[in-house]
Amino acid sequence: MNTRNTSENELVRRIRAIGTATARRDSAVRLGIGDDAALFSPRHGYEAILTCDWFLEGTHFLRDKHPADSVGWKCLARAVSDIAAMGGEPRCFLLSLALPQTHSGRWLDEFLSGLRRVARKFKCPLAGGDTTCRDEILMNVTVVGEVRSGRALLRSGARPGDIIYVSGRLGEAELGLRRLRSMRRIAKGDARLTKHLYPEPRISLGRWLSHYGMATSMMDLSDGLSTDLTRLSTASGVGGRLEASRIPAVRVPKRSGPQNVDALDLALNGGDDYELLFTVHPSKTNRVPRAFQGVTLTAVGEITRDQTLKLLRRDGRELPLPASGWDPFRASKNRS
């Protein structure tokens, strides 16, 4: 491990460079790193969206497995996904970072490289944060976003008869994690790991659904379809019925995939995909394309009046659908 003796001022100086590198001319950040707090100016006619996300060693990533640049990328991307889930766009973020002195050299440089790339890609500059020294690597990201007033898409808008949609292919991130755990070395650019290491929040899709009033409700898929649909249904006071044959599950190669992998189980319970789960009134489904900017959009079921979730299996049996995705308080599950 390449280390250096780093003071907090030196650490802040290196992190501050991200704010400079990702600054935008039209940025809402009037004052960034260097003062007691940042100054943010929202645009007229918009509402602010606020979200924060923990990203913890041992829970969300493994120090000896996950490349440092992917840790930087993912800690921001997963928080930005919350903004996408409400039909908004990110405007800036705050980073709170704790790490040991042993990781203040090359590891930190690579972490900041990944963080810089994702901040530039999604036009979300660093506005401030906090740093400290600790044996574990811990980070918390707060993202400030905006959405046009009255246009935010909520979990609570689904109604009986609405059609349930998902974006992308589900289970890829969980399959990538399982592959990562079994690897001794990670080949740079391994496409099988991309969805897990470098997720892409669906900002453009969320904004499109919001702008044209296409969706009645929406959230991102971070903890698995079974768990996240439960949350959306609870917020809306409705139930849902999924069709297993329609769910766009990850393809698992017979020879190269991990043993005893069930693609449908990954799609329902794997989580970490950061796709969008949304509902559409039946009168508007003919306006939903099969794909949006290369990302597939798939109708997977229907919202029901009965406040339960059910899964219609391929064999025709209809069974209860328990929330079996990611739960940080469930000891038997661990995301990293």
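Keep in mind that what you see is a predicted model, and the values were worked out from it rather than measured.

Trainee: In this structure, what is going on with the overall build of the protein? I would like to understand it.
Mentor: Across its full length, the protein carries eight helices and 14 strands. Relative to the 2.2 N^0.38 estimate, which gives 20 Å for 336 residues, the radius of gyration of the protein is 20 Å and therefore close to what a compact globule would have. C-alpha atoms of the protein, sized along the principal axes, occupy 65 × 55 × 35 Å. With 336 residues in all, the protein has 51% of them scored as buried. Across the protein, the fraction of contacts at a sequence separation of at least 24, relative to all contacts at a separation of at least 6, is 84%.

Trainee: Where do I start with the sheet that holds strand 4 (residues 89-99) in this structure?
Mentor: Hydrogen bonds between backbone groups are what pair the strands of a sheet, and the pairing can be parallel or antiparallel. As summarised here, the arrangement of the four strands in space is 3-6-4-5, forming an open sheet in which the pairing is mixed. At either end of the open sheet lies a strand with only one pairing partner, and these are strand 3 (46-56) and strand 5 (126-133). Across the sheet, the axes of successive neighbouring strands diverge by a mean angle of 15 degrees, strand direction being ignored. Here helix 3 (residues 106-121) sits on the sheet and contacts strand 4 and strand 6 (138-148); the angle it forms with strand 4, its principal contact strand, is near 170 degrees.

Trainee: So what exactly am I meant to see when it comes to the pattern of salt bridges here?
Mentor: Scanning all chains against the criterion turns up 22 salt bridges. Salt-bridge contacts for K74 lead to D272; the nearest nitrogen and oxygen are separated by 2.5 Å. Of this pair, K74 sits in helix 2 (residues 68-84) while D272 sits in the loop between helix 8 (263-269) and strand 10 (275-280); the two residues are 198 residues apart in sequence, bridging distant segments of the chain. For the pair K74 and D272, one class covers both residues: buried.

Trainee: Explanation requested: the pairing of strand 8 (residues 217-221) in the structure shown.
Mentor: Walk down a regular strand and you will see the side chains alternate between the two sheet faces. In terms of burial, strand 8 is largely enclosed, as five of its five residues are buried. Of the strand pairs in this sheet, strand 8 and strand 10 are connected by five bridges, and their pairing is antiparallel. Within the sheet, the bridge partner assigned to L221 lies in strand 10 and is E275.

Trainee: Hey, could you run me through the nonpolar core in this one?
Mentor: Soluble globular proteins tend to pack their nonpolar side chains together in the buried interior. By size, the foremost hydrophobic cluster in this structure holds 36 residues, and its most contacted members are L76, F93, L95, F111, L115, M139 and V143. Looking at this core, the elements with two or more residues in it are helix 1 (8-22), strand 3, helix 2, strand 4, helix 3 and strand 6. With 10 residues, helix 2 is the single largest residue contributor to this core. When neighbours within four sequence positions are excluded, M139 is seen to be in contact with D53, W54, F55, L56, F61, V71, C75, L95, S96, L97 and F111. V166, A244, L268 and I303 belong to the second largest nonpolar core, which has 23 residues in total.

Cut-offs used in this document
- Residues numbered from 1 in each chain as written.
- Predicted model: local features only at pLDDT ≥ 70, side-chain atom pairs only at ≥ 80, totals over all residues.
- Heavy atoms only, no water.
- Helix = DSSP H or I, 4+ residues; strand = E, 2+ residues; numbered from the N terminus.
- Rg over C-alpha atoms; globule rule 2.2 N^0.38 Å.
- Buried < 20%, exposed > 50% of the residue type's maximum accessible area, 1.4 Å probe, protein only.
- Contact = heavy atoms within 4.5 Å.
- Pairing = 2+ DSSP bridges.
- Axes fitted to C-alpha atoms, helices over the stretch in contact; angles between N-to-C directions.
- Salt bridge = Lys/Arg side-chain N within 4 Å of Asp/Glu carboxyl O.
- Core = buried A, V, L, I, M, F, W, Y, C linked by side-chain atoms within 4.5 Å.

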